[in-house]
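# Close look at the chain arrangement
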Amino acid sequence: MAVTIRDVAKAAGVSASTVSRVLNKKGLISAETEQRISAAMAQLHYVPNDMARSFANGTTMTIALAIDVVDARAYANPFFNNTVFGMETAAHERGYNLIITSGVKDTPASAERLIRGKKIDGIAFPVSLVDPALLQLLREKHFPCVIIGHPDASAWNANWVDINNTQAGAIAAQHLLEKGCKKLAYVAGSLHETFSRDRLIGCNQTLRAAGLAEAEVLQGAADLQAARALVQALLARPQRPDAILCGGDCIALGAARAAAASGLKIPQDVKLLCFDDTPITEYAEPSITSISVDTFELGKQAAQILISQIEGEQGSLHQVLLSTQVLERASTQNKMLKEI
């Protein structure tokens, strides 16, 4: 026979309502009483009935992360995995479950069903899935939500958490200036994404403050081969850049191959720096200096913001920018200084 809440109460010498308050984290219960109840649950191998608790207190103890099912890269991206791990860790610490749900911009049907059906207590979704209709639904229902990424003006009054990409671009440029570079190029897939534009803004702010020209921008580096072709043409110019900021690891690898094909050495002839540190940049030859972003903390903060709303802390907006840092590797090291 399954162990019930009454069995736990009897073993702990308290009422069933006291056990219920401890399980639902409601009311003031002494530490000694909580310890007795926890010991009784462990001794009896009691497992709370989440469904019953949901009916009793009106919560599911579940939060959701919506992902764009059309974009398969979202699932393959290591940053997605780290973000999910961060959310899962924070949720587990507070007694919540995390589920992944599908969504498509302009037709967020799956997420909407979860919200209308009260199957979750809160939802997080990437800025790419920000949809006016979904935001309106969330506002009408006062439903806890958080956006992962910095939204535009349409969601200015929403909760969000993001990487400080302007700072990332600024410290990237500053690092290269400190290595003696004066002519920078910025190579990206495109500037359609806010994070890419913000990185360029930060980079150019630093360059202007140093009295230098803004970075030359090359777009269209959709993959390694495209990046290689773009950078090889760039390096063939008489006035080539002495440093290249790469929007991702594949772009950085393409740039490194372009330099080799052009007969140039890294870092002596041209220095490389890459955003979004991944194992690829660490294991490349030469290893590539990267801007590290803490996507685990991104997910953790997103879950904590959701849970704080769920548990009644909805008095103010939570809008968080996470700092980045430079991880210096061989691609920007000053060989002459290193030898001294």
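Residues numbered from 1 in each chain as written. Predicted model: local features only at pLDDT ≥ 70, side-chain atom pairs only at ≥ 80, totals over all residues. Heavy atoms only, no water.

### Considering helix H6 (residues 78-93)
Relative to the 22 Å expected for 16 residues at 1.5 Å per residue, H6 spans 23 Å between its end C-alpha atoms, a close match to the ideal helical length. Once H6 finishes, Gly-95 follows within two positions and takes phi at roughly 80°, a positive value. (Helix = DSSP H or I, 4+ residues; strand = E, 2+ residues; numbered from the N terminus. Expected span 1.5 Å × (residues − 1).)

### Details of the pairing of strand E10 (residues 289-292)
Residues Thr-289 and Ile-291 point to one face of E10 and Ser-290 and Ser-292 to the other, with burial holding for every one of them. Judged from the 3 bridges that link them, strand E9 (residues 271-275) and E10 form a sheet pairing that is parallel. When the bridges of E10 are listed, Phe-275 appears paired with Ile-291. Where E10 and strand E12 (residues 325-327) come together, 3 bridges link them in antiparallel fashion. Along E12, the bridge assignment pairs Ile-291 with Val-326. (Buried < 20%, exposed > 50% of the residue type's maximum accessible area, 1.4 Å probe, protein only. Pairing = 2+ DSSP bridges.)

### Overview of helix H9 (residues 165-178)
Here H9 contains 14 residues, and its C-alpha end-to-end distance of 20 Å stays within 8% of the 20 Å for a straight helix at 1.5 Å per residue. Along H9, the positions that sit buried rather than exposed are Asn-165, Ala-168, Gly-169, Ala-172, Ala-173, His-175, Leu-176 and Leu-177. Where H9 ends, the next residue or the one after it, Gly-180, has phi of about 95°, a positive value.

### Digging into the pairing of E9
The buried count for E9 comes to 5 of 5 residues, which makes it a mostly enclosed element. Where burial is concerned, the two faces of E9 agree: the one with Lys-271, Leu-273 and Phe-275 and the one with Leu-272 and Cys-274 are both buried. Pairing between strand E8 (residues 243-246) and E9: 4 bridges, direction parallel. The residue of E9 that forms the bridge with Ala-243 is Lys-271.

### What about the pattern of salt bridges?
This structure, assessed with the given rule, holds 7 salt bridges. For the salt bridge of Asp-277 with Arg-329, the shortest nitrogen-to-oxygen distance reads 2.9 Å. Taken as a pair, Asp-277 in the loop between E9 and helix H13 (279-283) and Arg-329 in the loop between E12 and helix H15 (335-339) lie far apart in primary sequence, 52 residues in all. (Salt bridge = Lys/Arg side-chain N within 4 Å of Asp/Glu carboxyl O.)

### A look at the confidence of the model for the protein chain
Taken residue by residue, the protein chain gives an average pLDDT of 87. The fraction at 70 or more is 88%. Predicted confidence in the protein chain is weakest over H15, with a mean pLDDT of 46, and strongest over E8, with 98. Note that residues 336-340 has pLDDT below 50 and, in this model, 1 contact with residues that lie over four places away or in other chains. (pLDDT = per-residue confidence, 0-100. Contact = heavy atoms within 4.5 Å.)

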